[in-house]
Amino acid sequence: MDWQEIEAFLAVADELHFGRAANRLGLSQARVSQMIKKLERRVGALLFDRTTRRVSLTPIGQRLLADLGPAHQSVLDSIARAQAAGRGINGVLTVGFLGPLAGRVLLDILDTLRSTHPDLEIQLHATEVADPCRPLRDNELDLLLTQLPVTEPGITTGPVVIVEPRVLAVSAQHPLARNSTASLEDLTTDRMLRPAGSPPKQWLDSYQPWATPSGRPIDRGPAVRTFQELMTLIAAGKGICTVAAHNIRYHPRTDVAFIPMPDTPPFEFGLVWRTNGETSRVRAFVEATVRFLDDRGGPAAMATR
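Worth saying up front: this structure is predicted, and the values here are computed from it rather than measured.

### Description of unusual backbone geometry
Argument step 1. Cis geometry is adopted by the peptide bond preceding Pro-149, which originates at Leu-148 and carries an omega value of 5°.
Argument step 2. Structurally, the position occupied by Pro-149 is in the loop between β5 (143–147) and β6 (155–164).
Argument step 3. Even without glycine at this site, Leu-16 takes up a positive phi of about 50°.
Argument step 4. With respect to the helices and strands, the residue Leu-16 is situated in the loop between α1 (3–15) and α2 (18–25).
Argument step 5. The phi dihedral of Asn-139 falls on the positive side, at around 65°, and the residue is not glycine.

### A closer look at the sheet that holds strand β7 (residues 166–171)
Sheet strands pair by backbone hydrogen bonding; their relative direction is either parallel or antiparallel.
Argument step 1. Reading across the sheet, the three strands line up as β10-β7-β11 and stay open at both edges, with antiparallel pairing between neighbours. This sheet does not close on itself; its edge strands, each paired only once, are β10 (241–244) and β11 (256–260). Ignoring strand direction, the axes of neighbouring strands in this sheet form an average angle of 40°.
Argument step 2. In this structure, β7 lies alongside β10, joined through four bridges in antiparallel fashion. By the bridge assignment, Leu-168 is partnered in β10 with Thr-242.
Argument step 3. Packing of helix α8 (residues 227–235) onto the sheet brings it into contact with β7, β10 and β11, and relative to β7 it is tilted by some 55°.

### What about the environment of Val-272?
Argument step 1. Along the polypeptide, Val-272 turns up in strand β12 (residues 267–274).
Argument step 2. By relative accessible area, Val-272 is classed as buried at 0%.
Argument step 3. With 110 residues separating them along the chain, Val-272 and Ile-162 place their C-alpha atoms 13 Å apart.
Argument step 4. Contact partners of Val-272, with chain neighbours within four places excluded, come to Leu-136, Leu-143, Leu-144, Thr-146, Leu-148, Val-150, Ile-155, Thr-156 and Thr-157.

What counts and what doesn't
Residues numbered from 1 in each chain as written. Predicted model: local features only at pLDDT ≥ 70, side-chain atom pairs only at ≥ 80, totals over all residues. Heavy atoms only, no water. Helix = DSSP H or I, 4+ residues; strand = E, 2+ residues; numbered from the N terminus. Pairing = 2+ DSSP bridges. Axes fitted to C-alpha atoms, helices over the stretch in contact; angles between N-to-C directions. Contact = heavy atoms within 4.5 Å. Buried < 20%, exposed > 50% of the residue type's maximum accessible area, 1.4 Å probe, protein only.

Here it is, written out as structure tokens:
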């Protein structure tokens, strides 16, 4: 079989549309149609059922896709590994993460990365809520998966990896704990616990607004450095805080209630790195992250993990 015929078949099988497959391959629709017909003559049977409204795989086409897809990917992976070896992408890459879900997703990204860069060693390090980007600024990390936005000079923002709803964490004894939902206006009922240190203003404002949509000020409470400190102070009734919804699963507590906030924008977590530190290792990790997201339908799908 001709390699272009294989690529044309896989593209049409994926898109189920000759026009979109042609755009993806950078070919004309007529050329893609010709290659599919040539392949069907070689096989001796139709691979696609075509009508004016839809394109679908025939049973023989489905079988060919099941057999050919993994083999095609194996060839691509082999070439990618050879290219990686030729570029010499190896050594150590230090990657930080904020929160348990970010750490879990990084492990999945590593599986994607190892298929093309088996000699690249990844070291993972947790960062704190006090100032997540501090280790990146201090050259302790090469990359960081953290809560966005990050708009600091000298730091590049890459793909959004995780999208998570916000919830309001309050003491189980707090009056709001009996509510099924909370709103931004409810943030005036108590003090908002704040991260210690000096995180960038735009990041902090996104995390914890200073006023409600109606203009009422939101009081700030004690500063915390770690998420465990945050949960302990909330449980003790020292304040409240908005957090990402995955903490309901990763940090369940009987003395803390998590209340959905349907009127608030979600938290986004993405990759960031120093602009002057964009090495071939960093680019390889970012490329693997993009492939990982493509395989799973984008960042929104991460919210259910």
